[in-house]
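Spelled out from the first residue to the last, the chains are:
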Amino acid sequence: MPGNPQKVKHDHTTLFFPEGFLWGAATSAHQVEGNNVNSDWWDFEQKNQPPEKRSGLACDQYNRYAEDFELAKNLNHNAHRLSIEWARIEPKEGEFDQPAIDHYVQVLKALKDKGFTVMLTLHHFTNPKWLADKGGWKNGKVVFYFERFVKKIVPELQEYVDLWITINEPNVYAYNCYFLGVWPPQKKSKWLALKVLWNMAKAHKKAYNWIHKLTPTSRVGAACNVASLGFYHKHSIIEALTVWATDSFGNHLFYKLTGNKYHDFLGLNYYFNQNFSYDKKHTVFPPVADISISKKDVSDMGWEIYPEGIFDVLMDFADYKLPIYITENGIATTNDDRRCRFLIAYLKEIYHAIEAGVEVKGYFHWSLIDNFEWANGFEPRFGLVEIDYQTQKRTLRPSSKVYAEIIKTNGIYHHLLRFLGHTVQAEEVLYPKVTG
Ligand code: IFM
């Protein structure tokens, strides 16, 4: 009845996630460990980057991993995603460093002892320097080198790993290193970018087979960066075609090159919403609309905040009929209120995708701690936990506690949803409350 004060005007339900949902955070070795001296990225930083953009000691997680895992445990995380560093394990071609392997056994054991489900990435952007000197991922022999590494390391670590990610963001790696040429080895060629993606697809398939052979019950996938895409002028065929091409090459090509048979699950890293817009300056393909023109809300990286996008990519990738993990999602910001809202808004969209039938099995927030953001150095702050790089002190941000509460509830309570604003029934707006 309009105006009835007894009537519940707001939706007070908790948005519960499926039982057994994995909640955690993700990091990568080079970005947090420090002193990764035998890698191509380290070499690149010394030669090309100003001192403040070199990884150096990073978060010193090589030594402080136990402290960081304790933080994650106290924040209720039940899963953790991390990577191992090939350059430490095989610092010289064909020579494996047993102390480095033993170190990673200790790291993974520490996670298992705390009860985490462990997701381990084998390749996250960095390579041993010797491999880069041999042409890196553009050299077809890389498939053999990666396979040799996998065969060595998997039996050593398998006892402590639940989910394997062979390669992180092969699409971003090929694009940044070989198409744009902004990351090492700074080559700029479309064909090389395709060749690199092709080699990564082959290496993934080999790794998938080996991991299954060595540990038959394991679950193996890759983590691809996927963007939600759109265009402003719905009458423009060229904009529609650009979206189709970007989606096919950027989002799906790696999965098409590898095929469902080589993935037990899909790992999706979601950060980007891109709208294409034709303008007179560009005669062939319309570019991504510049955020300074669209004036949308962006992170400190200039990436648009668009929670609905994670729903869109989940609905799209549900077509593969494989379980999905959000292997990364997060925001660079020095204003932690924004991270709180970001978390709630994106998780709410994931909840809706699950309700719509998508099999999402877990969420790994990027990142547990602030870390080295590649060419951008230490300025972007992605962490639930703040790092003081002078002292290496860890300080919990409020967002880490919001996330902890969501995990404890296995869902999002109404009082957290209020951060996003109430859902308002039209009735209430049209017939304001009459009391008495
Ligand atoms: O920091 C990176 C990570 O290494 C890969 N995915 C995107 C993150 C934020 O840029």
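See the structure shown above.
What counts, and at which threshold
Residues numbered from 1 in each chain as written. Predicted model: local features only at pLDDT ≥ 70, side-chain atom pairs only at ≥ 80, totals over all residues. Heavy atoms only, no water. Buried < 20%, exposed > 50% of the residue type's maximum accessible area, 1.4 Å probe, protein only. Helix = DSSP H or I, 4+ residues; strand = E, 2+ residues; numbered from the N terminus. Pairing = 2+ DSSP bridges. Axes fitted to C-alpha atoms, helices over the stretch in contact; angles between N-to-C directions. Contact = heavy atoms within 4.5 Å. Expected span 1.5 Å × (residues − 1). Salt bridge = Lys/Arg side-chain N within 4 Å of Asp/Glu carboxyl O. Near = heavy atom within 4 Å. Polar contact = N/O pair within 3.5 Å; in protein donor to acceptor, adjacent residues only side chain to side chain. Areas by Shrake-Rupley, 256 points an atom, 1.4 Å probe, with all protein chains shown as cover. Disulfide = S-S within 2.5 Å. Patch = residues over 30% accessible without salt bridge, like charges linked within 9 Å, V, L, I, M, F, W, Y side chains within 5 Å. Lys, Arg positive; Asp, Glu negative; His and termini not counted. Charge placed at Lys NZ, Arg CZ, Asp CG, Glu CD.

Judged by how many residues are buried, strand β3 (residues 79–83) sits mostly within the fold: five of five residues are covered. Burial of β3 is two-sided: the residues Ala79, Arg81 and Ser83 facing one way and the residues His80 and Leu82 facing the other way are all buried. Judged from the three bridges that link them, strand β2 (residues 22–26) and β3 form a sheet pairing that is parallel. Within β3, the position partnered with Ala25 by the bridge is His80. Of the strand pairs in this sheet, β3 and strand β4 (residues 117–123) are connected by five bridges, and their pairing is parallel. From the neighbouring strand, Ala79 faces β4, where its bridge partner is Thr117.

Attention now goes to the sheet that holds strand β9 (residues 360–366). Sheet architecture is closed into a barrel: eight strands sit in the order β2-β3-β4-β5-β6-β7-β8-β9, paired in parallel fashion. Within the sheet, the average angular offset between the axes of one strand and its neighbour, ignoring direction, is 30°. Contacting β5 (163–168) and β6 (219–231), helix α8 (residues 170–179) runs over the sheet at an angle of about 65° to β6. Across the face of the sheet, helix α13 (residues 336–355) comes into contact with β2, β7 (266–276), β8 (324–328) and β9 while running at roughly 165° to β9.

Compared with an ideal rise of 1.5 Å per residue, which puts 12 residues at 16 Å, helix α14 (residues 398–409) spans 17 Å between its outermost C-alpha atoms and is within 8% of the ideal. One or two positions beyond α14, positive phi appears at Asn410, with a value near 55°.

If you walk through the whole model with that rule in mind, you get 19 salt bridges. Between Arg394 and Asp68 there is a salt bridge; the shortest N-O distance is 2.8 Å. In this pair, Arg394 is assigned in strand β11 (residues 393–396) and Asp68 in helix α3 (residues 61–74), connecting sequence segments 326 residues apart. A single burial state applies to Arg394 and to Asp68, both of which are buried. Residue Glu359 pairs with Lys361 through a salt bridge whose shortest N-O separation is 3.9 Å. Assessed through its relative accessible area of 41%, Glu359 is described here as partly exposed. Each of Asp43, Lys47, Lys129 and Asp133 takes part in one network of salt bridges that share partners.

Attention now moves to the site of the ligand. As a structural note, the neighbourhood of the ligand is formed by Gln31, His124, Phe125, Asn168, Glu169, Tyr271, Trp303, Glu328, Trp366, Glu373, Trp374 and Phe382. Between the ligand and Glu328 there is a distance of 2.5 Å, counted from a nitrogen atom to a side-chain nitrogen or oxygen. At a separation of 3.5 Å, an oxygen atom of the ligand approaches a polar side-chain atom of Trp366. Contact with the protein chains removes 95% of the 280 Å² of surface that the ligand exposes when unbound.

This paragraph deals with the state of the cysteines. For the structure shown, the criterion picks out zero disulfides. In this model Cys224 remains outside any disulfide bridge; the closest cysteine sulfur is found in Cys177, 15 Å from its own.

Attention now goes to a positive patch on the surface. Among the surface-exposed residues, Lys151, Lys202, Lys206 and Lys213 lie close enough to one another that they form a single positively charged patch. The element best represented in the positive patch is helix α9 (residues 190–214), accounting for three residues. Relative to the elements of secondary structure, Lys206 occurs in helix α9.

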